[in-house]
Amino acid sequence: MTESAEPRARSTHILADLTPLRTSPDYRRLWFGNTVSWIGQGMTALAVSLQVYDITGSAFSVGLIGFCSLVPLVVFGLYGGAVADTVDRRKLGLFSAVGSFGLSLVLVAAAVAGVEHVGLLYAIVALQAVCFALNAPARSSMIARLLPAGQLPAANALTTMTSTTGTLVGPMLGGLIVGWWGYRAAYTVDALCFTASLYAMWRMPSMLPDRKDGEAGKRASVLDGLRFLGTRPNLRMTFFTDLCAMVLAHPRALFPVVAVLWYGGDARTTGLLVAAPALGALLGGVFSGWLGRIRRHGLAILLAVGSWGTAIAVFGLTRNLWLGLLFLALAGCADTVSMVFRNTMLQAAVPDELRGRLQGVFIVVVAGGPRLGDFLAGSVADLTSPTVAVTGGGILCVTGVTLLALKWRAFARYDARDPQP
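Here is what the cut-offs are and how they apply
- Residues numbered from 1 in each chain as written.
- Predicted model: local features only at pLDDT ≥ 70, side-chain atom pairs only at ≥ 80, totals over all residues.
- Heavy atoms only, no water.
- Helix = DSSP H or I, 4+ residues; strand = E, 2+ residues; numbered from the N terminus.
- Rg over C-alpha atoms; globule rule 2.2 N^0.38 Å.
- Areas by Shrake-Rupley, 256 points an atom, 1.4 Å probe, with all protein chains shown as cover.
- Lys, Arg positive; Asp, Glu negative; His and termini not counted.
- Charge placed at Lys NZ, Arg CZ, Asp CG, Glu CD.
- Patch = residues over 30% accessible without salt bridge, like charges linked within 9 Å, V, L, I, M, F, W, Y side chains within 5 Å.
- Salt bridge = Lys/Arg side-chain N within 4 Å of Asp/Glu carboxyl O.
- Buried < 20%, exposed > 50% of the residue type's maximum accessible area, 1.4 Å probe, protein only.
- Core = buried A, V, L, I, M, F, W, Y, C linked by side-chain atoms within 4.5 Å.
- Contact = heavy atoms within 4.5 Å.
- Phe/Tyr/Trp six-rings, centres within 6.5 Å; stacked < 30°, edge-to-face > 60°.
- Axes fitted to C-alpha atoms, helices over the stretch in contact; angles between N-to-C directions.
- Parallel < 35°, antiparallel > 145°, perpendicular 65-115°, else oblique.
- Nonpolar A, V, L, I, M, F, W, Y, C, P; charged D, E, K, R; others polar.
- Expected span 1.5 Å × (residues − 1).
- Left-handed = near helix turned anticlockwise from the far one by under 90°.
- Arc of directions from axis to C-beta.

Engineer: I'm lost on the overall build of the chain in this one. Help?
Structural biologist: Check the secondary structure of the chain and you find 16 helices and 0 strands. Rg of the C-alpha trace for the chain: 21 Å, near the compact-globule value of 22 Å for 421 residues, within the 12% margin. When the accessible surface of the chain is totalled, it reaches about 18800 Å², and 69% of it is carbon and sulfur. In the chain, which carries 33 positive and 22 negative side-chain charges, the distance between the mean positions of the two groups comes to 4 Å.

Below you can see the structure in the form of structure tokens.
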């Protein structure tokens, strides 16, 4: 009896901690709704890309989709955070989810009517990004109010599983549905998926920001949030370390090139390279039970980002496809660890009245960092070679995070039991 029970107890420390889902019905609904809607968004993202290419036959036109989403995310990310620190976050999350749902219905109506206009698709993608930029800070700020601080690492690990599941499963389902039944079916399924998120927000309790006396009802200032961040070295380090990884060592833009030059592959090889980090990130979430026992969150972030850079550097030296995929998966797993603790610090060490604005900054960094990384990797590869761009970027990432750790030594001593921003 004892021998059979011990492995089960040990597995609960290895697999994802489901305690937040068991203890908080509100969080459970929020997580389930987000997971379903992320899958629907992944489907729509692929369907829109395919439709734009069908209409134009231009890879450049497909590339513009990313630009149409990036600009609103950067611009409205900060604004959405300020709104989330001003109004009832439940209402903001609900209204922005209604907006996303309505845009999905517009895509359905356009597909039913046979309207094929690239400008309309670009506009919908941009407006969807605006809704996301308003919704995400409100949703993230809610988690720290729904759960005790000790459950935040587990909750953030579950959140990474949501996003990576959407990244992996959504496009696959989207491709199958478009291939079998067309764009109308893919957009319809996405609209149905959004109802889960709407229901979750509808059932949420009212959640006004916990603002100081005399400030209730006043519009929260973006500049106040940035000034707060400027005086809190531990929080700044969460952004600096992430930028080291995403700007200096982000080889995604080079995957089509290295698939051919290094592995003699084709589009299927590129697909494997793209999927490997996401699969690693998903596995990092699945086997995240041990993260809740870590108290030195700053040190964990430094080690995770250093591991990302090391894995990317070694990937740049491999010429065996399966070995390369392994190191990309390890990088994705390290990214999950970094993401969990960075999110936890932003939720635990930031006063409630500023959480929305700091989450807005987080969105800007997460949205803009990889795009800058794509540009840097492509530019360095053109000037030198893909190997220099990938391996050199990984080495620069490790060097950068080491220098940051030496300059702000207190970050490595950050203790979750006494969260100091």
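Engineer: How do you make sense of a nonpolar patch on the surface when you look at a structure like this?
Structural biologist: A grouping of F67, V71, V74, V75, F76 and Y79 is seen on the molecular surface, where their side chains present a nonpolar patch of about 500 Å² in accessible area. Take F67: it is sitting in helix α4 (residues 59-84).

Engineer: How should the pattern of salt bridges be read in this particular structure?
Structural biologist: Between side chains of opposite charge, a pair can form as their charged atoms come close. Applying the stated criterion to the full structure yields 10 salt bridges. Its salt-bridge partner being D352, residue R89 comes within 2.9 Å of it at the nearest N-O pair. Of the two residues, R89 is situated in helix α5 (residues 89-113) and D352 in helix α15 (residues 352-383); the sequence distance between them amounts to 263 residues. A relative accessible area of 7% places D352 in the buried class.

Engineer: Honestly, the nonpolar core in this entry has me stumped. Any pointers?
Structural biologist: The biggest cluster of nonpolar side chains holds 55 residues, and the ones touching the most others in it are F239, L273, W308, F315 and L358. Listed by contribution, the elements that provide at least two residues to this core are α9 (222-230), α10 (233-248), α11 (255-261), α12 (267-286), α13 (297-315), α14 (321-348), α15 and α16 (386-407). In terms of residue count, α14 provides more of this core than any other element does, 10 residues in total. Apart from residues lying up to four places away in sequence, F239 is in contact with L229, L346, L358, V361, F362 and V365.

Engineer: Can you walk me through the packing of aromatic side chains in this structure?
Structural biologist: The relation between two aromatic rings is expressed through the spacing of the ring centres and the mutual angle of the planes. All told, the structure shown has 8 aromatic pairs when counted by the stated rule. Between W180 and W181 the ring centres are 5.5 Å apart and the planes differ by 75°, which places this aromatic pair in the edge-to-face class. An identical accessibility class is assigned to W180 and W181; each is exposed. Here the aromatic cluster, defined as three or more aromatic residues joined through ring pairs, consists of F255, W262, Y263 and F315.

Engineer: Could you clarify how one ought to interpret the packing of helix α7 (residues 152-181) against helix α8 (residues 183-203) in this entry?
Structural biologist: Packed helices, taken two at a time, are described by their axes: the angle between them and the distance between them. Contact geometry for α7 and α8: axes closest at 7 Å, N-to-C directions at 135°. By the angle class used here, α7 and α8 are oblique. Listed contacts from α8 to I177, V178 and W181 of α7 are Y183, A185, A186 and V189. When its residues are assigned to classes, the contact of α7 with α8 shows 7 nonpolar, no polar and no charged.

Engineer: Please clarify how helix α3 (residues 25-56) should be interpreted in this entry.
Structural biologist: Owing to its 3.6 residues per turn, the α-helix brings residues three or four apart onto one side. With 32 residues, α3 extends 46 Å between its outermost C-alpha atoms, agreeing within 8% with the 46 Å of an ideal straight helix rising 1.5 Å per residue. Taken from the residues just after α3, G57 is the one with a positive phi, measuring 65°.

Engineer: Whenever I open this one, the packing of helix α6 (residues 118-146) against α15 confuses me. Can you help?
Structural biologist: It is the contact of α6 with α15, at a shortest axis distance of 9 Å, that shows an interaxial angle of 135°. Taken as axis vectors, α6 and α15 run oblique relative to one another. Crossing handedness for the pair α6 and α15: right-handed. Mapping the contact onto sequence places A133, A136, P137, S140, S141, A144 and R145 in α6 and D352, R355, G356, Q359, G360 and I363 in α15.

Engineer: Just to check I follow, could you spell out the environment of A138 for this structure?
Structural biologist: By the element assignment, A138 lies in helix α6. Spatially, the C-alpha atom of A138 lies 8.8 Å from that of R355, the residues being 217 residues apart in sequence. Among all residues touching A138, those that are not within four sequence positions of it are A84, R89, L92 and G93.

Engineer: For this particular structure, what's the right way to read α9?
Structural biologist: Of all the positions in α9, only G225, F228 and L229 are classed as buried. On an axial view of α9, the arc spanned by its buried residues comes to 100°, and they lie on one face. Relative to its buried face, α9 has exposed residues pointing more than 90 degrees away, namely L223 and R227.

Engineer: I tried to follow the environment of G289 on my own but got confused; where do I start?
Structural biologist: Note that G289 resides in the loop between α12 and α13. Not counting chain neighbours up to four residues away, the residues in contact with G289 comprise H13, I14, L15, A16 and D17.

Engineer: Can you help me understand the environment of P370 in this one?
Structural biologist: Its place among the elements puts P370 in helix α15. Residue P370 is classed as buried on the basis of its relative accessible area, which comes to 9%. In the structure, P370 is positioned 118 residues away from R252 in sequence and 8.5 Å away in space, judged by C-alpha atoms. Those residues in contact with P370 that lie beyond four places of it in its chain are M246, H250, R252 and V365.

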